[in-house]
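Single-letter residue listing:
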Amino acid sequence: EADIYQTPRYLVIGTGKKITLECSQTMGHDKMYWYQQDPGMELHLIHYSYGVNSTEKGDLSSESTVSRIRTEHFPLTLESARPSHTSQYLCASRDGTSGVYETQYFGPGTRLLVL
Amino acid sequence: KNQVEQSPQSLIILEGKNCTLQCNYTVSPFSNLRWYKQDTGRGPVSLTIMTFSENTKSNGRYTATLDADTKQSSLHITASQLSDSASYICVVSDRGSTLGRLYFGRGTQLTVWP
């Protein structure tokens, strides 16, 4: 079982609210990722980080922002939630030391519903 | 365009039976292929990972095969159990960038009935 945690697991919130989804890992991984996943669809990369103070946008355009002040912590923030943000958000980390056998470990996900 | 296609989209089998899930990809250059299991409401968990030089890898009742020439992979589940009910996701990594970018399939939703 991977040591990567996400909170909250479920969140129902009204339009226009600011929310922060938390992600923490205790494996000391430098690489961390945020994915968005809708039911029956593939995961889409929305943000990634190679280490402290390093953040990049992924493939899927997202109105969210991320920060990486500590290695173990990679929070995602939505300044003003909208119904179109309703989705499952998965955080992941990767060890970066195993070459082609690198494994990406996923957190349990946060299911967000914006009313 | 790099893509990962999985079939079937969904599958229902009886407990104890075997099944095989398919993955075709067009990702190039190729680095590795992973199969993940994702339980409902949970994050994906890695089952197997194979590089281009490996053509089979097992993890308990799960056996993955890879044909790098035809760009096809399969995941065979033996003697299925109720706990095998989940989405199985094929993920291919390229080696064309330092990111080692991952390409995700949409998954096969497997339901095992008693």
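It should be emphasised that the depicted structure is a prediction, and the values quoted were computed from it without experimental measurement.

**Q** Hey, could you run me through the overall build of chain A in this one?
**A** Within chain A one finds zero helices and 11 strands. Starting at the N terminus and ending at the C terminus, chain A contains elements arranged as β-β-β-β-β-β-β-β-β-β-β. Taken over the C-alpha trace, chain A has a radius of gyration of 14 Å; the compact-globule value for 115 residues is 13 Å, and the two agree within 12%. Taking the principal axes of its C-alpha atoms as reference, chain A extends roughly 40 × 30 × 25 Å. For chain A, restricting intrachain contacts to residue pairs at least 6 apart in sequence, the fraction spanning at least 24 positions comes to 54%.

**Q** Explanation requested: the sheet that holds strand β1 (residues 4–7) of chain A in the structure shown.
**A** Strand-to-strand pairing in sheets goes through backbone hydrogen bonds, with the strands running parallel or antiparallel. Residues and elements named next belong to chain A. Strand order across the open sheet formed by four strands is β1-β3-β8-β7, with antiparallel pairing between neighbours. Two strands close off the open sheet at either side, each with one partner strand: β1 and β7 (65–66). Where β1 meets strand β3 (residues 19–25), four bridges bridge the pair, whose relative direction is antiparallel. For I4, the partnering residue across the bridge sits in β3 and is Q25.

**Q** I'm lost on the state of the cysteines in this one. Help?
**A** What makes a disulfide is a covalent bond joining the sulfur atoms belonging to two cysteines. All told, the structure shown has two disulfides over all chains when counted by the stated rule. Each disulfide pairs two cysteine sulfurs, and for C23(A) the partner residue is C91(A), the sulfurs being separated by 1.9 Å. Classification of the bridge connecting C23(A) and C91(A) rests on its S-S torsion, roughly -75°, and on that basis the disulfide is left-handed. Remark: C91(A) occurs in strand β9 (residues 87–94) and C23(A) occurs in strand β3; sequence separation between them is 68 residues. Judged by its relative accessible area of 1%, C23(A) falls in the buried class. Two residues share a disulfide in this structure: C23(B) and C90(B), whose sulfurs sit 2.0 Å from each other. A torsion of -70° about the S-S bond marks the disulfide between C23(B) and C90(B) as left-handed. Here C23(B), found in strand β3 (residues 19–25), pairs with C90(B), found in strand β9 (residues 86–94); they are 67 residues apart in sequence, far enough to count as distant. For the residue pair C23(B) and C90(B), the accessibility class agrees, reading buried in each case. Counting only cysteine sulfurs, C90(B) is the nearest neighbor of C19(B), a cysteine outside any disulfide, at a range of 15 Å. Note on C19(B): relative accessible area 6%, which makes it buried.

**Q** So what exactly am I meant to see when it comes to the nonpolar core here?
**A** Note on soluble globular proteins: their nonpolar side chains tend to be buried together. In terms of nonpolar packing, the biggest core is built from 24 residues, with V4(B), Y25(B), L33(B), W35(B), L75(B), Y88(B) and V92(B) touching the most fellow members. Of all the secondary structure elements, the ones that give two or more residues to this core are β3, β4 (30–38), β5 (45–51), β7 (62–67), β8 (72–77), β9 and β11 (108–113) of chain B. Sequence-distant contacts of Y88(B), defined by excluding residues within four places in its chain, comprise Q6(B), L21(B), W35(B), Y36(B), K37(B), L47(B), Y62(B), L75(B), I77(B), G107(B), T108(B) and L110(B). Among the nonpolar cores identified, the runner-up in size contains 17 residues, and I13(A), I19(A), M32(A) and A81(A) belong to it.

**Q** Please explain the environment of I12(B) as it appears in this structure.
**A** Residues and elements named next belong to chain B. Turning to its location among the elements, I12 is positioned in strand β2 (residues 10–14). Residue class for I12 comes out exposed when judged on its relative accessible area of 54%. On a C-alpha basis, the gap between I12 and P44 in space is 20 Å, while along the polypeptide they are 32 residues apart. Sequence-distant contacts of I12, defined by excluding residues within four places in its chain, comprise T111 and W113.

**Q** Quick question: what am I supposed to make of the environment of N2(B) here?
**A** Residue and element names in this part refer to chain B. As for its placement among the helices and strands, N2 is situated in the segment before β1 (4–7). Exposure remark for N2: the relative accessible area of 23% places this residue in the partly exposed category. Counting along the chain gives 21 residues from N2 to C23, while the straight-line C-alpha distance between them is 13 Å. The residues contacting N2, other than those within four sequence positions of it, are T26, V27, S28 and Y103.

**Q** For this particular structure, what's the right way to read the pairing of β9(A)?
**A** Consecutive side chains along a regular strand alternate between the two faces of the sheet. Residues and elements named next belong to chain A. Among the eight residues of β9, eight are classified as buried, and the element is accordingly described as predominantly covered. Across the two faces of β9 the burial is the same, with S87, Y89, C91 and S93 and Q88, L90, A92 and R94 all buried. Bridge count between strand β4 (residues 31–37) and β9: seven bridges; the pairing is antiparallel. Bridging from a neighbouring strand, K31 pairs with R94 of β9. Strand direction decides the pairing type here: β9 and strand β11 (residues 110–114), joined by three bridges, are antiparallel. Residue pairing across strands places S87 opposite L112, the latter belonging to β11. Note: β9 against strand β10 (residues 104–106), three bridges, orientation antiparallel. Opposite R94, over in β10, you have Q104 as the bridge partner.

Conventions used here
Residues numbered from 1 in each chain as written. Chains lettered and ligands numbered in written order. Predicted model: local features only at pLDDT ≥ 70, side-chain atom pairs only at ≥ 80, totals over all residues. Heavy atoms only, no water. Helix = DSSP H or I, 4+ residues; strand = E, 2+ residues; numbered from the N terminus. Rg over C-alpha atoms; globule rule 2.2 N^0.38 Å. Contact = heavy atoms within 4.5 Å. Pairing = 2+ DSSP bridges. Disulfide = S-S within 2.5 Å. Buried < 20%, exposed > 50% of the residue type's maximum accessible area, 1.4 Å probe, protein only. Core = buried A, V, L, I, M, F, W, Y, C linked by side-chain atoms within 4.5 Å.

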